[in-house]
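Each chain, written out:
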Amino acid sequence: MNIMDFNVKKLAADAGTFLSRAVQFTEEKLGQAEKTELDAHLENLLSKAECTKLWTEKIMKQTEVLLQPNPNARIEEFVYEKLDRKAPSRMNNPELLGQYMIDAGNEFGPGTAYGNALIKCGETQKRIGAADRELIQTSAINFLTPLRNFIEGDYKTITKERKLLQNKRLDLDAAKTRLKKAKVAEARAAQLNISQPEDNNIMVNVSYMLNLLHVKWLKIWAEEVTKSEQEVRITQSEFDRQAEITRLLLEGISSTHAHHLRCLNDFVEAQMTYYAQCYQYMLDLQKQLGSFPSTFLSNNNQSSTTPVQSVSSPSVLASASASLPSVSNSMVTSGLSELKSSSGSRKARVLYDYDAANSSELSLLADEVITVYSIPGMDSDWLMGERGNQKGKVPITYLELLN
């Protein structure tokens, strides 16, 4: 029975506190009550925390999209994570493409040029898929998890303490409002002096009774002055204590930024490792494909061997030109001899991208068609190319002369 009485009293007290806060909050919104403002330093810390939370969420979500573009797969991973279960392992896109290439190569025959090339490409794609899987795992541990821990841990604690601070402020302002009303009532009660009327007139007696009730009501409020002053001191102390707790938590945001910076460095290193691995894999694949006989590599009377990187200097151009199959050179040479003997111009299709090394050369884009012609005394490995108002020297190994 005593426990029940205690619970009822506590419930009534909590309801009274909630009602007091609601009234104070409503009056503040209507401009009918004063509001205790937080100091500028605390306000700045709160703003910094909100900004950190906002951008951390955006960065975290977009990183998840970058690592896993498939929204259905992200939803599945989220569900399994909430169920505390491991998501089933599935091939990613590079691994799936690699498996298809390997299966196709085996179907066409590993002894054929095309089948062998498909198998080699498939194996490379599967290695890229494994590197992609490693990037996702490393990024999740070293980057996404710390960001998520801040959102779901530290910031939730900050939000909880901030809400407590808001409640303590409402309690303080409500106590100040009650004290102000009590002092006004005390002053008015001191000014009133109600005497018993001698006349037995009913209206006079009614007016006397109403005034008497008003005075008693004022005196009741006046008696609340001491109690309200004590309540203000208590609520002020609780508010100051909660403000200090909130401030200490918010000052930890600077440490959070430093921690996230270290996590960002880890994420960048993981990306660097991933792209370096992919580049090396493709470089090795390009060398393997380049070792095939030129007759297998030719397609529509053109070489399919492409430079690993864009040419930016004459020395690199020389090495790239030397690595091209001789069959391409023979075809271009025959066409070139016809072009030089006719002293006219021909249309040519660009086989590969080419970056001009200097202003005397013309940059090229693969598959575009340009006009080429020879100039007496020009090096045999070069032609003059024109594209609209632009012209410059172009390497013949990058061209296929058209009929």
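Parameters at a glance
- Residues numbered from 1 in each chain as written.
- Predicted model: local features only at pLDDT ≥ 70, side-chain atom pairs only at ≥ 80, totals over all residues.
- Heavy atoms only, no water.
- Pairing = 2+ DSSP bridges.
- Helix = DSSP H or I, 4+ residues; strand = E, 2+ residues; numbered from the N terminus.
- Core = buried A, V, L, I, M, F, W, Y, C linked by side-chain atoms within 4.5 Å.
- Buried < 20%, exposed > 50% of the residue type's maximum accessible area, 1.4 Å probe, protein only.
- Contact = heavy atoms within 4.5 Å.
- Axes fitted to C-alpha atoms, helices over the stretch in contact; angles between N-to-C directions.
- Parallel < 35°, antiparallel > 145°, perpendicular 65-115°, else oblique.
- Left-handed = near helix turned anticlockwise from the far one by under 90°.
- Nonpolar A, V, L, I, M, F, W, Y, C, P; charged D, E, K, R; others polar.
- 1 Å grid on protein atoms, 1.4 Å probe; cavity = no way out; pocket = protein on both sides within 12 Å on 5 of 7 lines; lining within 4 Å.
- Points joined across faces, edges and corners; volume = space filled by probe spheres on them.
- Salt bridge = Lys/Arg side-chain N within 4 Å of Asp/Glu carboxyl O.
- Phe/Tyr/Trp six-rings, centres within 6.5 Å; stacked < 30°, edge-to-face > 60°.
- Lys NZ or Arg CZ within 6 Å of the ring centre and 35° of its normal.
- pLDDT = per-residue confidence, 0-100.
- Patch = residues over 30% accessible without salt bridge, like charges linked within 9 Å, V, L, I, M, F, W, Y side chains within 5 Å.
- Areas by Shrake-Rupley, 256 points an atom, 1.4 Å probe, with all protein chains shown as cover.

Enquirer: Provide a residue-level description of the pairing of strand β3 (residues 382–387), including the pertinent values.
Expert: Here 3 bridges tie strand β2 (residues 369–373) to β3, and the two strands are oriented antiparallel to one another. Note on β3: the bridge partner recorded for Val372 is Gly385. As judged from the 6 bridges shared by β3 and strand β4 (residues 390–395), these two strands associate in the antiparallel manner. The residue bridging Gly385 from the neighbouring strand is Gly392, located in β4. Counting the residues in the hairpin turn of β3 and β4 gives 2 residues, including Gly388, whose phi is positive at 65°.

Enquirer: Account for the nonpolar core, naming residues and giving values.
Expert: Looking at soluble globular proteins, one finds that nonpolar side chains tend to be buried together. The biggest cluster of nonpolar side chains holds 20 residues, and the ones touching the most others in it are Leu38, Leu42, Leu165 and Leu250. Of all the secondary structure elements, the ones that give two or more residues to this core are α2 (40–67), α5 (113–191) and α6 (202–251). A per-element tally of this core places α5 first, with 9 residues. Other than its neighbours up to four places away in sequence, Leu42 contacts Leu165, Ala243, Arg247 and Leu250. Formed by 19 residues, the second largest nonpolar core is a distinct cluster that contains Tyr354, Leu383, Met384 and Tyr398.

Enquirer: So what about the packing of α2 against helix α7 (residues 253–290)? Which residues, and what values?
Expert: Angle between the axes and distance between the axes are the two parameters that describe a pair of packed helices. The N-to-C vectors of α2 and α7 enclose an angle of 15°; their axes lie 12 Å apart at closest approach. Between α2 and α7, the angle is such that the two are roughly parallel. Of the two possible hands of crossing, α2 and α7 adopt the one that is left-handed. Contact residues: Lys48, Ala49, Thr52, Thr56, Thr63 and Leu66 in α2; Ile253, Ser254, His257, His260, Phe267 and Gln271 in α7. The residue inventory of the contact of α2 with α7, partitioned by class, reads 4 nonpolar, 7 polar and 1 charged.

Enquirer: Account for the sheet that holds β2, naming residues and giving values.
Expert: As summarised here, the arrangement of the 5 strands in space is β4-β3-β2-β1-β5, forming an open sheet in which the pairing is antiparallel. Among the strands making up the open sheet, the edge pair consists of β4 and β5 (399–401). This sheet shows a mean twist of 40° between the axes of neighbouring strands, independent of strand direction.

Enquirer: Go over the layout of surface pockets with me, naming the residues and quoting the values.
Expert: Put simply, the largest pocket is a space of about 1,600 Å³. Together, 42 residues line the largest pocket, and Gln68, Ala73, Arg74, Glu77 and Ile136 are the ones closest to its centre. Mapped onto the lining of the largest pocket, the elements with two or more residues apiece are α2, α3 (71–82), α4 (93–108), α5 and α7. With 12 residues, α5 is the single largest residue contributor to the lining of the largest pocket.

Enquirer: Please set out the pattern of salt bridges residue by residue, giving values where relevant.
Expert: On inspection of all chains with the given rule, the structure shows 12 salt bridges. Across the pair Glu238 and Lys168 runs a salt bridge, and its minimum N-O distance is 3.5 Å. Taken together, the residues span a long stretch of sequence, with Glu238 in helix α6 and Lys168 in helix α5 at a distance of 70 residues. Note that Arg349 and Glu400 form a salt bridge whose closest N and O atoms lie 3.0 Å from each other.

Enquirer: With reference to specific residues and values, describe unusual backbone geometry.
Expert: We note that Asp367 has phi near 80°; this positive angle belongs to a residue other than glycine. Tracing the backbone shows Asp367 in the loop between β1 (345–350) and β2. With relative accessibility at 55%, the residue Asp367 sits in the exposed group.

Enquirer: Give a description of the packing of aromatic side chains that names residues and reports values.
Expert: Enumeration over the complete set of coordinates arrives at 6 aromatic pairs. Here Phe108 and Tyr114 contribute two aromatic rings whose centre-to-centre distance is 5.4 Å and whose plane-to-plane angle is 20°, an arrangement assigned as stacked. Taking relative accessible area as the criterion, Tyr114 reaches 53% and is therefore assigned exposed. Their ring planes at 85° and their centres at 5.5 Å tell us that Tyr352 and Tyr398 sit as a pair that is edge-to-face. Of the two residues, Tyr352 is situated in the loop between β1 and β2 and Tyr398 in the loop between β4 and β5; the sequence distance between them amounts to 46 residues. For the pair formed by Tyr352 and Tyr398, the shared burial category is buried. Against the face of Tyr281 rests Arg127, its NZ or CZ located 5.5 Å from the ring centre. The residue whose ring lies beneath Lys393 is Trp382, and the NZ or CZ to ring-centre distance is 5.2 Å.

Enquirer: So, the confidence of the model for the protein: which residues are in play, and what are the values?
Expert: When pLDDT is averaged along the protein, the result is 79; 72% of the residues meet or exceed 70. Note on residues 294–332: pLDDT is under 50 here. Beyond four places in sequence and across chains, it has 54 contacts.

Enquirer: Tell me about the side chain of Gln125, and please be specific about residues and values.
Expert: Structurally, Gln125 is set in helix α5. With a relative accessible area of 17%, Gln125 lands in the buried category. In contact with Gln125, not counting residues within four places along its chain, are Pro94, Glu95, Leu97, Gly98 and Met101.

Enquirer: Any details on a nonpolar patch on the surface? Residues and values, ideally.
Expert: A surface patch of nonpolar side chains, about 360 Å² in accessible area, is lined by Leu261, Leu264, Val268 and Met272. You can call Val268 partly exposed: its relative accessible area is 36%.

Enquirer: Provide a residue-level description of the environment of Leu144, including the pertinent values.
Expert: Its place among the elements puts Leu144 in helix α5. The residues touching Leu144, leaving out its near neighbours within four places in the chain, are Met60, Thr63, Glu64, Leu67 and Ser139.

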